Amino acid sequence: MNPADQANEKEQIARARAGDAEAWGELYRQYAPAIFRFCRRTMPTREDAEDSTMDIFIKVRQKLSQYDSTRSFSAWLYTVAANHCWDLLRRRKVRQDLETGEIENMPLEHPDPGQLEQLIERRTSQEVRRALDQLPARARMALVLRYYADMSYDDIATTLGVRRAFVGVVLLRARHQLRDILGERGAASPPWRAAGGAT
Amino acid sequence: MIHFDEMACLLYLEGQLEPQRAREMTLHIDECPACRALLHALERESHVLSAALTEDNEPMPARLLSTRSWGIPSWVWTLAFGVFASGAYWLWTDSVDPWLQQLSNAGFGGTDFLSMLLFSGAFWEGWGDMIDVLQIAALVIVGIGAIALIRRRLRRSTAIAVVMSAMALALVLPSPAAATEIRHEESVIVPASEVIHSDLIVSGASVRIDGTVEGDLIAFTGMLIVTGHVTGDIIAFAGQMRMEGTVDGNVRVISHTATIAGAVGKNTTSVGNTFDLTAKGQVGGSLTAIASDADLDGRIHRDVLGIFRSTHLDGGIGGQMSLRGRNLAIGPTAEIGGPASFRGLRQPVISPGAKLASPLHIERLAENRRQIFSGVRLIVNGIVGYGVALLLGVIFVTVFPGFFRTTLHETGRIGLPIGVGALALVAGVFLLVLGGLLIFVGVGAGVAGVLGYAPILYVAQIFVGAWLGNKILGEASNPTSAVIGRIALGLLILHMAGFIPVLGALMWLAVALWGTGAILLGFYRMSRAEPAPLTV
């Protein structure tokens, strides 16, 4: 976003805060598609995503006065969205991941880069999305927060309620689970996983 | 060579590795092709993930595209509320209150009318059947709606437009094409020499028609006497009504005492305390009536369907007779041309001189047995009611999943739907009264009004039940069985709580307000949404 756009957005936010419905409408039109896509990636059904999008914007409108204008609006919006979706998923008592925060559970073998690249290159975006849909809620949420919303490790840790040092583990484990789904399921040793050394 | 593990590689890529280790890794990857390849593969994976996640592969749903609700400033809502309040006030002072005054003048004042309808006479007997009818009506309507929407050929907005148009048409159709004469005096008399060439609407303490009305006669009065000729229908709300003349059409009357001593060309419908068809009286079509006492001495050319506490039949019935009540006496001059049945508490008394085409079919209701089994009946009714409500819930979840989710979502807002439900109830009570009167005079809009509103009240429990189930078991949108399980639990709790005296009734009132508001909000939301194609 160039400085002119940023200034324009700041003005819109200020007007929306003051109760200008038109300015709020502009903000909504600008960000609703991205937030809907975010919800679509994190929530299990399309209807959930639609409802969540509406709810998130209702919350955002109510909380607009709390927004710190020195921060990026889009980052704040994603934080609200992430908190909303994660709260909703947790309240639904979705099957929680078995992760306990113990780094020892991480597989330490060195994957075969060639096989891994091959696995990735073979798959279309749609196949990757389908595989993402099959991930446990926390794994999916972590990947979306990082690779869609571009959230920092600190924000991811706050949203998911995990220690910051554990965010990398969650992300890597999510990648492994994704590879398992994309690769040959049920194989004793997936082709991308080859023995390797570790530091 | 010692390699860095995958975790370290990922953290390095994402700039999360401690500076010291990051420096070590930078040096290491210059020399180590394996780690370099791994970093490259992880980076590729990140790109693929980002691309898959950010790809705009699905259109925004139309209901999210609409920014109308954001665009409406609060003063519009204030203005709308003001207009609504003014309208309600105008409706009350200009329409409802004068009607009530007229009804009061006509002898239907306050508790007298209510007690007459509800607690005295045989009308009380019909409540069980009415509840059954309501449940069947709800099922039929949901069924028809389901068939229509399953086809999915019609867009939702089109379907709603069709339904609304049909209802509007129903409202428009009965509006009279001919001119109508309206008379309002203390005492209205149409002398024998006068001919009114249009419909006549009259109100006054007493109304007497000795002349001719070439159209319908609609009367609100304490005392209505017709000795002349009405070529259309008589529709009357009267304290007492006596018809000694000739009516070519139908007679529909709510009257404390209704006496037919003349000729009615078509059908007669009556609700009141006493219905009297004198020996000179004739009904060309059928008689449908609810009354405490009925004397049927005249001739009815077709069928009789009646709920009377006490019936005395000395006249003739051309078709079949079906009566419910306490007593039935069939005198020596009585004739029944078709099958006859009586369902009541006492053994009917049939004079040997009476001419019945077939033996009277009698179904006696034992008072004692009714009392003993009333508790069991209550429980059975409760179970059946629960089952029907659950079935409706299943139909909603499977046939209208979008509407169900939207309405359930609205239910969760609690305050808003209860407020909307309360407003709708105020409007709905008026509509129900109006609808009831319109049904009575045979207007389709009345039927549409009542059939449209009653199922909403009934279905309200499903959404409140689902909300309650969600609160207890946690939210579930999929699979369907999980949602149905939550509805089943919520409804069970509601139905169990419904057995608590007083509190149960208050709870049902709250459920009706809450659920009705949510359904209306759900309709509103759905009417603004266009189904978007699924491309995922």
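Quick caveat: nothing in here was measured; it's all calculated off a predicted structure.

## Observations concerning the overall build of chain A
At step 1: For chain A, the count of helices and strands is nine helices and zero strands.
At step 2: Starting at the N terminus and walking to the C terminus, you meet the elements of chain A as α-α-α-α-α-α-α-α-α.
At step 3: Per-residue burial over chain A gives 53% buried out of 199 residues.
At step 4: Here the contacts in chain A between residues at least 6 apart in sequence split such that 69% fall between residues at least 24 apart.
At step 5: When the accessible area of chain A is evaluated, it comes to approximately 9,100 Å², of which 47% is carbon and sulfur surface.

## Here's the deal with unusual backbone geometry
At step 1: Located in the positive-phi region is A:Asp150, a residue other than glycine, with phi close to 55°.
At step 2: You can see A:Asp150 is positioned in the loop between helix H7 (137-147) and helix H8 (153-160).
At step 3: Its identity is not glycine, yet B:Ile414 carries a phi of approximately 55°, on the positive side.
At step 4: Tracing the chain through its elements places B:Ile414 in the loop between helix H11 (401-411) and helix H12 (415-440).

## Some words on the nonpolar core
At step 1: Of all hydrophobic cores here, the largest spans 87 residues; its most connected members are A:Phe38 and A:Phe73.
At step 2: Beyond its immediate sequence surroundings of up to four residues, A:Phe38 is in contact with A:Tyr78, A:Ala81, A:Ala82, A:Cys85, A:Val144, A:Leu145, A:Tyr148 and A:Ala149.

## Some points on the interface of chain B and chain A
At step 1: At the interface, 53 residues of chain B touch 59 residues of chain A.
At step 2: A combined buried area of about 5,300 Å² lies between chain B and chain A, and 56% of that area is made up of carbon and sulfur atoms.
At step 3: Across the contact surface, chain B and chain A share ten salt bridges.
At step 4: Note that B:Asp56 is salt-bridged to A:Arg37, the shortest N-O span being 3.7 Å.
At step 5: Within the residue set of the side of chain B that touches chain A, elements represented by two or more residues are helix H1 (6-13), helix H3 (33-54), helix H4 (62-65), helix H5 (68-71) and H11 of chain B.
At step 6: It is H3(B) that contributes the most residues to the side of chain B that touches chain A, 17 residues altogether.
At step 7: Its residues assigned to classes, the side of chain B that touches chain A comprises 26 nonpolar, 14 polar and 13 charged.

## Observations regarding the environment of B:Gly285
All names here are of chain B.
At step 1: Residue placement: glycine 285 occurs in the loop between strand E14 (282-283) and strand E15 (287-296).
At step 2: Its relative accessible area of 4% is what places glycine 285 among the buried residues.
At step 3: Put simply, glycine 285 and asparagine 250 are 35 residues apart on the chain and 8.6 Å apart in space, counted from C-alpha to C-alpha.
At step 4: The contact partners of glycine 285, leaving out residues within four places of it in the chain, are Gly265, Lys266, Asn267, Ile300, His301, Arg302 and Asp303.

## Things to note about helix H4 (residues 73-91) of chain A
At step 1: In this model, H4(A) (19 residues) spans 27 Å end to end at C-alpha, consistent with the 27 Å of a helix rising 1.5 Å per residue.
At step 2: The distance from a side-chain oxygen at the start of H4(A) to the backbone nitrogen of A:Ser74 is 3.3 Å, and the residue carrying that oxygen is A:Ser72.

## Regarding the packing of aromatic side chains
Residues and elements named next belong to chain B.
At step 1: Scanning the entire structure with this criterion turns up 16 aromatic pairs over all chains.
At step 2: Look at phenylalanine 396 and phenylalanine 403: their rings are 6.0 Å apart centre to centre, the planes differ by 35°, and that puts the pair in the tilted class.
At step 3: Looking at phenylalanine 396, the relative accessible area reads 7%, which means it is buried.
At step 4: We classify phenylalanine 403 as buried; its relative accessible area is 10%.

## So, the packing of helix H2 (residues 21-42) of chain A against H7(A)
All names here are of chain A.
At step 1: Closest axis-to-axis distance for the H2/H7 pair is 9 Å, and the angle between their directions is 155°. As summarised for this structure, H2 and H7 are arranged roughly antiparallel, according to the angle between their axes. Where H2 crosses over H7, the two elements pack in a sense that is right-handed. Counted together, Phe38, Arg41 and Thr42 of H2 and Arg140, Met141, Val144 and Leu145 of H7 form the full contact between these two elements.

## Some points on the pairing of strand E6 (residues 217-226) of chain B
All names here are of chain B.
At step 1: Judged by how many residues are buried, E6 sits mostly within the fold: eight of ten residues are covered.
At step 2: Bridge count between strand E4 (residues 199-209) and E6: nine bridges; the pairing is parallel. Across the sheet, serine 206 pairs through a bridge with methionine 223, a residue of E6.
At step 3: Bridge count for E6 against strand E8 (residues 234-243) is nine bridges, and the pairing is parallel. Its bridge partner being in E8, isoleucine 225 is matched across the sheet by arginine 242.

## What to know about the environment of B:Asp5
All names here are of chain B.
At step 1: Considering the arrangement of structural elements, one finds aspartate 5 in the segment before H1.
At step 2: Taking the C-alpha atoms as reference points, aspartate 5 and cysteine 35, 30 residues apart in sequence, are found 8.5 Å from one another.
At step 3: Polar side-chain contacts of aspartate 5 include one of 3.0 Å to the backbone nitrogen of methionine 7.

## Things to note about the pattern of salt bridges
Side-chain pairs of opposite charge can arise where the charged atoms are in close proximity.
At step 1: Counted by the stated rule, this structure contains 23 salt bridges over all chains.
At step 2: The shortest N-O distance in the salt bridge between A:Asp20 and A:Arg15 comes to 3.1 Å.
At step 3: Its relative accessible area of 26% is what places A:Asp20 among the partly exposed residues.
At step 4: Among the ionic pairs, A:Arg175 bridges to B:Glu45, the shortest N-O distance being 2.7 Å. On the criterion of chain membership, the pair formed by A:Arg175 in helix H9 (residues 164-182) and B:Glu45 in helix H3 is interchain, its members lying in two chains. In this structure, A:Arg175 and B:Glu45 share a single accessibility class: buried.
At step 5: Through salt bridges that share partners, A:Arg40, A:Arg46, A:Glu50 and B:Glu58 make up one connected network.

## A look at the pairing of strand E2 (residues 187-190) of chain B
Along any regular strand, the residues point their side chains to alternate faces of the sheet.
Residue and element names in this part refer to chain B.
At step 1: Burial of E2 is one-sided: the residues Val188 and Val190 facing one way are buried, the residues Ser187 and Ile189 facing the other way are not.
At step 2: Note: E2 against E4, four bridges, orientation parallel. Looking across to E4, one finds that serine 187 is bridged to serine 206.

## Brief notes about the confidence of the model for chain A
Residue and element names in this part refer to chain A.
At step 1: Overall, the prediction assigns chain A a mean pLDDT of 81, with 82% of residues at 70 or greater.
At step 2: Mean pLDDT values over the elements of chain A span from 81, in helix H5 (residues 113-122), up to 93, in H7.
At step 3: Of the regions scoring below 50 in pLDDT, residues 97-104 engages in 14 contacts with residues more than four places distant in sequence or in other chains.

## Examining a nonpolar patch on the surface
Residues and elements named next belong to chain B.
At step 1: A surface patch of nonpolar side chains, about 490 Å² in accessible area, is lined by Ile500, Val502, Leu503, Leu506 and Leu509.
At step 2: Looking at where leucine 503 falls in the secondary structure, it is placed in helix H15 (residues 503-527).
At step 3: A residue is classified by how much of its surface remains accessible, and leucine 503, at 56% relative accessible area, is exposed.

## Thoughts on the sheet that holds strand E5 (residues 212-213) of chain B
All names here are of chain B.
At step 1: Reading across from one edge, E3-E5-E7-E9-E11-E14-E16-E18-E20-E23 is the order of the ten strands in this open sheet, with parallel pairing throughout. The sheet is open, and its two edges are formed by strand E3 (195-196) and strand E23 (355-356), each paired on a single side.
At step 2: Examined bridge by bridge, strand E20 (residues 335-336) and E23 share two bridges and lie parallel to one another. Each bridged residue has a counterpart across the sheet, and for isoleucine 336 the counterpart in E23 is leucine 356.

Each value, and the rule that gives it
- Residues numbered from 1 in each chain as written.
- Chains lettered and ligands numbered in written order.
- Predicted model: local features only at pLDDT ≥ 70, side-chain atom pairs only at ≥ 80, totals over all residues.
- Heavy atoms only, no water.
- Helix = DSSP H or I, 4+ residues; strand = E, 2+ residues; numbered from the N terminus.
- Buried < 20%, exposed > 50% of the residue type's maximum accessible area, 1.4 Å probe, protein only.
- Contact = heavy atoms within 4.5 Å.
- Areas by Shrake-Rupley, 256 points an atom, 1.4 Å probe, with all protein chains shown as cover.
- Core = buried A, V, L, I, M, F, W, Y, C linked by side-chain atoms within 4.5 Å.
- Buried area = accessible area lost by both parts, 1.4 Å probe.
- Salt bridge = Lys/Arg side-chain N within 4 Å of Asp/Glu carboxyl O.
- Nonpolar A, V, L, I, M, F, W, Y, C, P; charged D, E, K, R; others polar.
- Expected span 1.5 Å × (residues − 1).
- Polar contact = N/O pair within 3.5 Å; in protein donor to acceptor, adjacent residues only side chain to side chain.
- Phe/Tyr/Trp six-rings, centres within 6.5 Å; stacked < 30°, edge-to-face > 60°.
- Axes fitted to C-alpha atoms, helices over the stretch in contact; angles between N-to-C directions.
- Parallel < 35°, antiparallel > 145°, perpendicular 65-115°, else oblique.
- Left-handed = near helix turned anticlockwise from the far one by under 90°.
- Pairing = 2+ DSSP bridges.
- pLDDT = per-residue confidence, 0-100.
- Patch = residues over 30% accessible without salt bridge, like charges linked within 9 Å, V, L, I, M, F, W, Y side chains within 5 Å.

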